[in-house]
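Chain by chain, the residues run as shown.
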Amino acid sequence: AQSVTQLGSHVSVSEGALVLLRCNYSSSVPPYLFWYVQYPNQGLQLLLKYTSAATLVKGINGFEAEFKKSETSFHLTKPSAHMSDAAEYFCAVSSGTSYDKVIFGPGTSLSVIP
Amino acid sequence: NAGVMQNPRHLVRRRGQEARLRCSPMKGHSHVYWYRQLPEEGLKFMVYLQKENIIDESGMPKERFSAEFPKEGPSILRIQQVVRGDSAAYFCASSHSGGDREQFFGPGTRLTVL
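The notes below deal with the structure included here. (Residues numbered from 1 in each chain as written. Chains lettered and ligands numbered in written order. Predicted model: local features only at pLDDT ≥ 70, side-chain atom pairs only at ≥ 80, totals over all residues. Heavy atoms only, no water.)

1. A short note on unusual backbone geometry
Part 1 of the reasoning: Between B:Asn7 and the following residue, B:Pro8, the backbone shows a cis peptide bond with an omega angle of -5°.
Part 2 of the reasoning: Within the secondary structure, B:Pro8 sits in the loop between strand 1 (5-7) and strand 2 (10-13).
Part 3 of the reasoning: With phi around 60°, A:Asn41 is a residue other than glycine that occupies positive phi space.
Part 4 of the reasoning: Relative to the elements of secondary structure, A:Asn41 occurs in the loop between strand 5 (32-38) and strand 6 (44-50).
Part 5 of the reasoning: You will see that B:Gln81, though not glycine, has its phi angle at about 45°, which is positive.
Part 6 of the reasoning: With respect to the secondary-structure elements, B:Gln81 resides in the loop between strand 8 (75-79) and strand 9 (88-95).
Part 7 of the reasoning: On the basis of relative accessible area, B:Gln81 is assigned to the exposed category, the value being 52%. (Helix = DSSP H or I, 4+ residues; strand = E, 2+ residues; numbered from the N terminus. Buried < 20%, exposed > 50% of the residue type's maximum accessible area, 1.4 Å probe, protein only.)

2. Structural notes on the pattern of salt bridges
Part 1 of the reasoning: The final tally for this structure, using the stated rule, is four salt bridges over all chains.
Part 2 of the reasoning: As a salt-bridge pair, A:Glu64 and A:Lys58 come within 2.8 Å of each other at their nearest N and O atoms.
Part 3 of the reasoning: A relative accessible area of 23% places A:Glu64 in the partly exposed class.
Part 4 of the reasoning: In this structure, B:Arg64 and B:Asp86 form a salt bridge, with 2.7 Å as the shortest nitrogen-oxygen distance. Within this pair, whereas B:Arg64 is found in the loop between strand 6 (53-56) and strand 7 (65-68), its partner B:Asp86 is found in the loop between strand 8 and strand 9, the two being separated by 22 residues in sequence.
Part 5 of the reasoning: Overall, the relative accessible area of 3% leaves B:Asp86 in the buried class. (Salt bridge = Lys/Arg side-chain N within 4 Å of Asp/Glu carboxyl O.)

3. Describing the sheet that holds strand 3 (residues 19-24) of chain B
Residue and element names in this part refer to chain B.
Part 1 of the reasoning: Across the sheet, which stays open at both edges, the four strands sit in the order 1-3-8-7 with antiparallel pairing between neighbours. Each edge of the sheet is formed by a strand with only one pairing partner; in this case those strands are strand 1 and strand 7. Strand-to-strand, the axes of this sheet are offset by a mean angle of 15°, without reference to chain direction.
Part 2 of the reasoning: Note that strand 7 and strand 8 share four bridges and pair antiparallel. The residue of strand 8 that forms the bridge with Phe65 is Ile79. (Pairing = 2+ DSSP bridges. Axes fitted to C-alpha atoms, helices over the stretch in contact; angles between N-to-C directions.)

4. Examining the packing of aromatic side chains
Part 1 of the reasoning: Applying the stated criterion across every chain, the model contains 12 aromatic pairs over all chains.
Part 2 of the reasoning: Summarising the aromatic geometry, the rings of A:Tyr25 and A:Phe67 are spaced 5.9 Å apart at their centres and angled 25° between planes, so their arrangement reads as stacked. Of the two residues, A:Tyr25 sits in strand 4 (residues 24-26) while A:Phe67 sits in strand 8 (residues 64-68), which places them 42 residues apart along the sequence.
Part 3 of the reasoning: Taking relative accessible area as the criterion, A:Tyr25 reaches 8% and is therefore assigned buried.
Part 4 of the reasoning: Taking the centre distance of 5.9 Å and the plane angle of 80° together, the rings of A:Phe104 and B:Phe105 count as edge-to-face. (Phe/Tyr/Trp six-rings, centres within 6.5 Å; stacked < 30°, edge-to-face > 60°.)

Next up, the structure:
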């Protein structure tokens, strides 16, 4: 069984500062990992995903995440926050098998202070 | 090239009525997922369907909730005898296949039970 925890339900950063959103997972098999973003009153959009290739994954809008097996982590980072990054971010995990669902974390709300 | 369509976008029901939520997956996608998002909470998996089959319904309440994905037409999430606690945003996602495949989300249906 898989599970996901996201440390910090709310994170605030200044515009131009580093964004770091934490995600830790639990999985009995090699995981597939995802980060999604949700803007107000919208559905989720995929930022990036890890599927056992390179451990450093680059996504859209300047975001990237690094898979660290020893730490069971998949933290999301962006070097310089922009006002438009303010949104809810969800980390998710699946086993990667064809008929396995994706499990989402509780989400982290990112605020960007001008 | 339409994305995942959900209708209605907003649905108001009185206690005891039935709610029907529709989801049309992206063209070519045969896997559909339903999630529920309560205010200030993350996404909770409800059910995973493939055409004419329920793959995983472990997140569905045992009573009043049902889902289908017929050979023709949209996927339907049905909630019978709605109660106030059913008020939430319901998101549908679709994918080309399960597991590691990206899920594309619809804009959601916001159900309000009076």
